[in-house]
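Spelled out, the chains give:
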Amino acid sequence: MIRLENLTKHYGPAHDPLIAVDNVSLDLPTGEICVLLGPSGRRAVGPSGCGKTTTMKMINRLIQPTGGKVFINGKDTSTVDPIELRRSIGYVIQQIGLFPNKTIEENICVVPDLLGWDRRKSRDRAKELLELVGLQPDLFLKRYPKELSGGQQQRVGVLRALAADPPVMLMDEPFGAIDPINREVIQEEFLKMQREIRKTIIFVSHDLDEAVKMADKIAIFRSGKLEQYAAPDDLLARPANSFIEDFLGSDRALKRLRLVSVGDAMETDFITVLETDSVEHARARIRSSRSAAAFVLDAEGAPRSVLSEQVAEACSGTVGDHAEPVKSTVPLTGDLRQAVSVMFAHDMPLLPCIDEAGRLAGVMSYRSIVHHLGHGGKA
Ligand SMILES: Nc1ncnc2c1ncn2[C@@H]1O[C@H](COP(=O)(O)OP(=O)(O)O)[C@@H](O)[C@H]1O
Ligand SMILES: [Mg+2]
């Protein structure tokens with residue numbers, strides 16, 4: 001666990017300091033990702049830095065705090081030798097900072113070498129790590145950084161920080177320099193890796209979408225102060241003040257959609273009928289339920305066609321004469337953003353949700369989405 005306690009950094013004269021970080025306290029459980037989020041000082045326009053990098057660098061003591069403490073697994077880090085401390089914490093920076101005159105293998109092995117690992121063991125580790133991110137060791141171990149694309153270099157930067165298997169990682173806008181498409185890929189890849197390695201991670205970003213995607217907890221900074229510390233869904237559902245509301249944007253409800261899985265939001269009390277049933281029978285079933293349609297399944301349980309309430313009210317004959325083919329479906333494992341996108345694209349007010357075998361498992365409607373968002377997300 002990482003705990004920041006009244007962490008503070010002043011620059012300049014004591015009588016009139018620039019307060020870069022102002023009394024920041026937070027707890028981050030082991031194995032979680034905390035994103036420090038706020039406007040960035042590095043940008044040419046917009047507000048100046050809000051203290052994210054300074055906060056991060058006080059954790060590995062690249063910057064000495066003016067006040068307050070950092071605890072890692074209960075240990076006050078000011079009692080640890082700073083060089084030891086830094087070697088026990090992985091660090092990834094936006095500029096990547098690979099050594100240009102070292103090979104990829106040597107770059108990845110920097111910290112293990114400093115720690116005096118057996119050479120064989122650290123070389124094996126480099127190989128194993130490259131494989132983890134889909135870079136073939138045979139092709140990459142002996143190359144130099146400039147022979148790699150930006151995205152590949154960034155992957156190596158992350159691997160280097162992971163090489164000595166530190167329990168804690170600090171990542172300062174690690175994917176900021178990568179083009180948007182590759183950034184999405186690297187983010188996904190990193191999250192997949194994190195599900196296995198379960199590091200405790202402090203991650204700086206000025207990108208709300210990135211934060212919502214990556215974070216277990218988001219810490220929103222303004223002018224050195226921690227304005228709100230909450231899980232992404234909580235933050236989007238309940239911004240603490242108008243500054244945060246503005247920062248999150250007027251589309252924050254849409255941003256929440258990707259945090260909710262289809263399986264969590266769908267309605268499971270759907271109605272199924274047979275093609276040979278009468279419309280009258282289907283109509284009675286629909287009327288006596290909360291559903292606005294009845295589905296016809298095939299022999300495997302997959303949704304084949306749908307009879308809407310309007311059609312059922314207006315027609316007679318058999319279901320097979322009037323039901324319309326199902327245009328699309330969404331998997332249970334998808335998120336609400338995906339579901340909404342399909343609903344709009346195919347003009348489907350009721351979207352069948354299917355399990356791994358393709359069987360109908362639930363139905364997504366406008367109502368189920370609003371209901372779910374209105375109740376603050378996952379229970
Ligand atoms: N070495 C320094 N000396 C004086 N002021 C600094 C120094 N480093 C950072 N600052 C100031 O502290 C504030 C926070 O900076 P920083 O933590 O880098 O912001 P962020 O990472 O959120 O962009 C900014 O106003 C910045 O100008
Ligand atoms: Mg910064």
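The structure displayed is predicted, hence computed values, not measured ones.

## Some thoughts on the overall build of the protein
Next, step 1: For the protein, the helix and strand inventory stands at 18 helices and 17 strands.
Next, step 2: Here the protein, with 379 residues, has 35% of them falling under the buried criterion.
Next, step 3: For the protein, long-range pairs separated by at least 24 residues make up 62% of all intrachain contacts whose partners lie at least 6 apart in sequence.

## Thoughts on the sheet that holds strand 4 (residues 67-72)
Next, step 1: On the basis of which strands lie adjacent, the open sheet formed by 4 strands has the order 2-1-4-5 and antiparallel pairing. Every other strand in the sheet has two partners, leaving strand 2 (18-28) and strand 5 (75-76) as the edge strands with one partner each.
Next, step 2: One ladder, built from 2 bridges, connects strand 4 with strand 5; its direction is antiparallel. From the neighbouring strand, Ile72 faces strand 5, where its bridge partner is Lys75.

## Describing the nonpolar core
Next, step 1: Counting residues in each nonpolar core, the largest one holds 61 residues, and the members touching the most others are Cys34, Val35, Leu36, Leu37, Ala163, Ile202 and Phe203.
Next, step 2: Discounting residues that sit within four places of it in the chain, Val35 has contacts with Phe203, Ser205, Ala211, Met214, Ala215 and Ile218.
Next, step 3: Grouped together as the second largest cluster of nonpolar side chains are 32 residues, Ala323, Cys353, Leu360 and Ala361 included.

## Overview of the pairing of strand 4
Next, step 1: Examined bridge by bridge, strand 1 (residues 2-11) and strand 4 share 5 bridges and lie antiparallel to one another. The residue bridging Glu5 from the neighbouring strand is Lys69, located in strand 4.
Next, step 2: Remark: 2 residues form the turn of the hairpin made by strand 4 and strand 5, two consecutive strands paired antiparallel; Asn73 in that turn has positive phi of roughly 45°.

## Re helix 14 (residues 279-287)
Next, step 1: Residues of helix 14 that are buried include every one of Val279, Ala282, Arg283 and Ile286, and no others. Here the buried residues of helix 14 occupy an arc of 100° about the axis, which is enough to place them on one side.
Next, step 2: Of the surrounding elements, those touching the buried residues of helix 14 are strand 11 (271-273), strand 12 (293-297), strand 13 (303-308), helix 15 (309-314) and helix 16 (319-322).

## Digging into the environment of Asp269
Next, step 1: Its place among the elements puts Asp269 in the loop between helix 13 (262-265) and strand 11.
Next, step 2: Among the residues examined, Asp269 registers 9 C-beta atoms within 10 Å and is labelled exposed.
Next, step 3: Residues Asp269 and Ala361 lie 92 residues apart in sequence; the distance between their C-alpha atoms is 9.3 Å.
Next, step 4: Excluding its chain neighbours within four sequence positions, the residues that come into contact with Asp269 are Ser289 and Arg290.

## Description of the environment of Glu173
Next, step 1: Relative to the assigned elements, Glu173 resides in the loop between strand 7 (168-172) and helix 8 (180-197).
Next, step 2: Residue Glu173 is classed as buried on the basis of its C-beta count, with 21 C-beta atoms lying within 10 Å.
Next, step 3: Excluding anything up to four places from it in sequence, Glu173 contacts Gln94, Val204 and Ser205.

## Remarks on the packing of helix 7 (residues 150-162) against helix 8
Next, step 1: One way to put it is that helix 7 packs onto helix 8 with a least axis distance of 11 Å and a crossing angle of 25°. By the criterion of interaxial angle, the relationship of helix 7 to helix 8 is roughly parallel. Both helix 7 and helix 8 take part in a crossing whose hand is right-handed. Of helix 8, the residues touching helix 7 (which contributes Gly151, Gln154, Arg155 and Val158) are Asn182, Ile186 and Phe190.
Next, step 2: Partitioning the contact of helix 7 with helix 8 into residue classes produces 3 nonpolar, 3 polar and 1 charged.

How each quantity is defined
Residues numbered from 1 in each chain as written. Chains lettered and ligands numbered in written order. Predicted model: local features only at pLDDT ≥ 70, side-chain atom pairs only at ≥ 80, totals over all residues. Helix = DSSP H or I, 4+ residues; strand = E, 2+ residues; numbered from the N terminus. Buried ≥ 20, exposed ≤ 12 C-beta atoms within 10 Å, placed from the backbone. Contact = placed C-beta atoms within 7 Å. Pairing = 2+ DSSP bridges. Core = buried A, V, L, I, M, F, W, Y, C linked by C-beta atoms within 7 Å. Arc of directions from axis to C-beta. Axes fitted to C-alpha atoms, helices over the stretch in contact; angles between N-to-C directions. Parallel < 35°, antiparallel > 145°, perpendicular 65-115°, else oblique. Left-handed = near helix turned anticlockwise from the far one by under 90°. Nonpolar A, V, L, I, M, F, W, Y, C, P; charged D, E, K, R; others polar.

From the geometry alone we can't say anything about function, so treat these as descriptive.
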